[in-house]
Amino acid sequence: MPTERTADFTVNHVQVLDEEGTADEELDPGLSEERLLELYREMKRARRLDERAIALQRRGESGTVAPGLGQEAAQVGSAMALSENDWMVPSFRENAAYLARGTPAHALLWYAMGMEEGAEIPDERNDLPPSIAVGSQAIHAAGLGWAQEIKGERNATIGYFGDGATSEGDVYEGMNCAGVYDAHTVFFCQNNQYAISVPREKQTRAETIAQKAIAAGIAGVQVDGNDVLGVYTVMQDALEMARNGDPVLVEAMTYRRSMHTTADDPSVYREREEEEGWEGRDPIDRFETYLRDRDVLDDETVEGIEEAIEEELADAIERAREGREEIDPAEMFEYAFAELPPELEAQRAAFGGEQNGE
């Protein structure tokens, strides 16, 4: 029996913009200035919302927040490659993707504040609510993609998950099912290097997550997840394959620049030197360099975008606060059971007393 691995499992790695913001002209998708600025604005808006949401949580105005700082290119590049008729199946960290798909910022804040209204998806938009259970959304994405195949639709479904979710059986089961039934699904793994505190090397011995597609008999590709043009380009190709009944696993290599959630302290399990190394690969800075070199962006344009974002988010926070005041938090006891168990009856009674200052 061999004592060393001898098989050479390789997958394509795609990068359009290098870390200095220089483009591979052969791979550059050649987007219009309007589209390029839209990508830039969405990344800037997502990061600023994360920053404001963390501040609200620290002040006790919302519950736990799962920031996506550093993952803006992966989320915005993938979400903006979708058509309106495609479906999006998120995990719990896809605020940037939600924003790019048209969800208003105040709704995302409502969700963080514990309001179920924040997870309500309008009938006209093909998005699912956030999934807190790690990995289970891959099965939902496979099911939606299978339905699209059965109905003969020319649409696709994207299912988001992190590197940690690939250790869950649900993810492989979803990919395997999608492969067998020609589901129109793109499985999009944001490999941000950590499953909470567990680093990637303790998740799998595989050289890449993308190669896990081999076992499911579907296509796998790896992309620089901090390169918004690379992600957009890969997703366009992956979505086209999926619409033809050929599911794809995309591994976007990125880094969670902040905490797993606001209940987490990353300084306990990773070194500052590592974090500083990834700061130099920041997706927004990289894309801004590219846009400035092409005279698509200048100081005045950046200032205008930032001012508009600040105004929008100020209004969103105010609306979120007003909405929070209109709800009765005791409703959390009402809809889990047909008949409330005695222990929850006691909790509801105690909660009512606290609310009344008793």
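Look above for the structure.
In this text the structure is predicted, and so the values were computed from the model without any measurement.

Parameters at a glance
- Residues numbered from 1 in each chain as written.
- Predicted model: local features only at pLDDT ≥ 70, side-chain atom pairs only at ≥ 80, totals over all residues.
- Heavy atoms only, no water.
- Helix = DSSP H or I, 4+ residues; strand = E, 2+ residues; numbered from the N terminus.
- Buried < 20%, exposed > 50% of the residue type's maximum accessible area, 1.4 Å probe, protein only.
- Contact = heavy atoms within 4.5 Å.
- Pairing = 2+ DSSP bridges.
- Axes fitted to C-alpha atoms, helices over the stretch in contact; angles between N-to-C directions.
- Phe/Tyr/Trp six-rings, centres within 6.5 Å; stacked < 30°, edge-to-face > 60°.
- Salt bridge = Lys/Arg side-chain N within 4 Å of Asp/Glu carboxyl O.
- Parallel < 35°, antiparallel > 145°, perpendicular 65-115°, else oblique.
- Left-handed = near helix turned anticlockwise from the far one by under 90°.

Draft legend 1. The arrangement of the environment of Lys44 in detail. Within the secondary structure layout, Lys44 lies in helix α1 (residues 33–58). Judged by relative accessible area, which is 17%, Lys44 ranks as buried. When the C-alpha atoms of Lys44 and Glu275 are compared, they prove to be 20 Å apart, with 231 residues separating the residues in sequence. Leave out the neighbours within four places in its chain, and Lys44 touches Ile284, Glu306 and Ile309.

Draft legend 2. Structural view of the pairing of strand β8 (residues 248–253). The buried fraction of β8 is high, at 5 of 6 residues. Direction of pairing for strand β4 (residues 185–191) relative to β8: parallel, over a ladder of 6 bridges. From the neighbouring strand, Phe188 faces β8, where its bridge partner is Val250. The pairing of strand β7 (residues 219–224) with β8 spans 6 bridges and is parallel. Across the sheet, Val223 pairs through a bridge with Ala252, a residue of β8.

Draft legend 3. Spotlight on the sheet that holds strand β3 (residues 157–162). Sheet architecture is open: 6 strands sit in the order β1-β7-β8-β4-β3-β2, paired in parallel fashion. At either margin of the open sheet sits one strand with a lone partner, and together these are β1 (13–14) and β2 (87–89). In this fold helix α5 (residues 137–150) packs onto β2, β3 and β4, with an angle of close to 170° to the strand it touches most, β3.

Draft legend 4. Highlighting the packing of aromatic side chains. All told, the structure shown has 7 aromatic pairs when counted by the stated rule. Taken together, a centroid distance of 4.3 Å and an interplanar angle of 20° make the contact between Trp146 and Tyr181 stacked. Taken as a pair, Trp146 in helix α5 and Tyr181 in the loop between α6 (169–180) and β4 lie far apart in primary sequence, 35 residues in all. Owing to a relative accessible area of 32%, Trp146 belongs among the partly exposed residues under this scheme. Tyr181 sits in the partly exposed class, given a relative accessible area of 40%.

Draft legend 5. Examining unusual backbone geometry more closely. One non-glycine residue, Asp182, adopts positive backbone phi at about 55°. Within the fold, Asp182 resides in the loop between α6 and β4. For Asp182, a relative accessible area of 35% corresponds to the partly exposed category.

Draft legend 6. Structural detail: the side chain of Thr254. Structurally, Thr254 is set in the loop between β8 and α9 (272–279). When residues no more than four places from it in sequence are discounted, the contact partners of Thr254 are Gly70, Gln71, Asn191, Asn192, Gln193, Gly225, Asn226 and Trp278.

Draft legend 7. Summary view of the pattern of salt bridges. Applying the stated criterion to the full structure yields 34 salt bridges. Lys44 is the partner of Glu306 in a salt bridge, and the nearest nitrogen-oxygen pair spans 2.7 Å. Taken together, the residues span a long stretch of sequence, with Glu306 in helix α11 (residues 299–325) and Lys44 in helix α1 at a distance of 262 residues. The salt bridge partner of Arg324 is Glu61, with a shortest N-O separation of 3.8 Å.

Draft legend 8. The arrangement of the packing of α1 against helix α8 (residues 228–243) in detail. Direction vectors running N to C along α1 and α8 enclose 115°, while the axes themselves pass 11 Å from each other. With respect to each other, α1 and α8 are oriented roughly perpendicular. Between α1 and α8 lies a crossing whose hand is right-handed. Residues Arg35, Leu36, Leu39 and Met43 of α1 lie in contact with α8, whose contacting residues are Val228, Leu229 and Tyr232.

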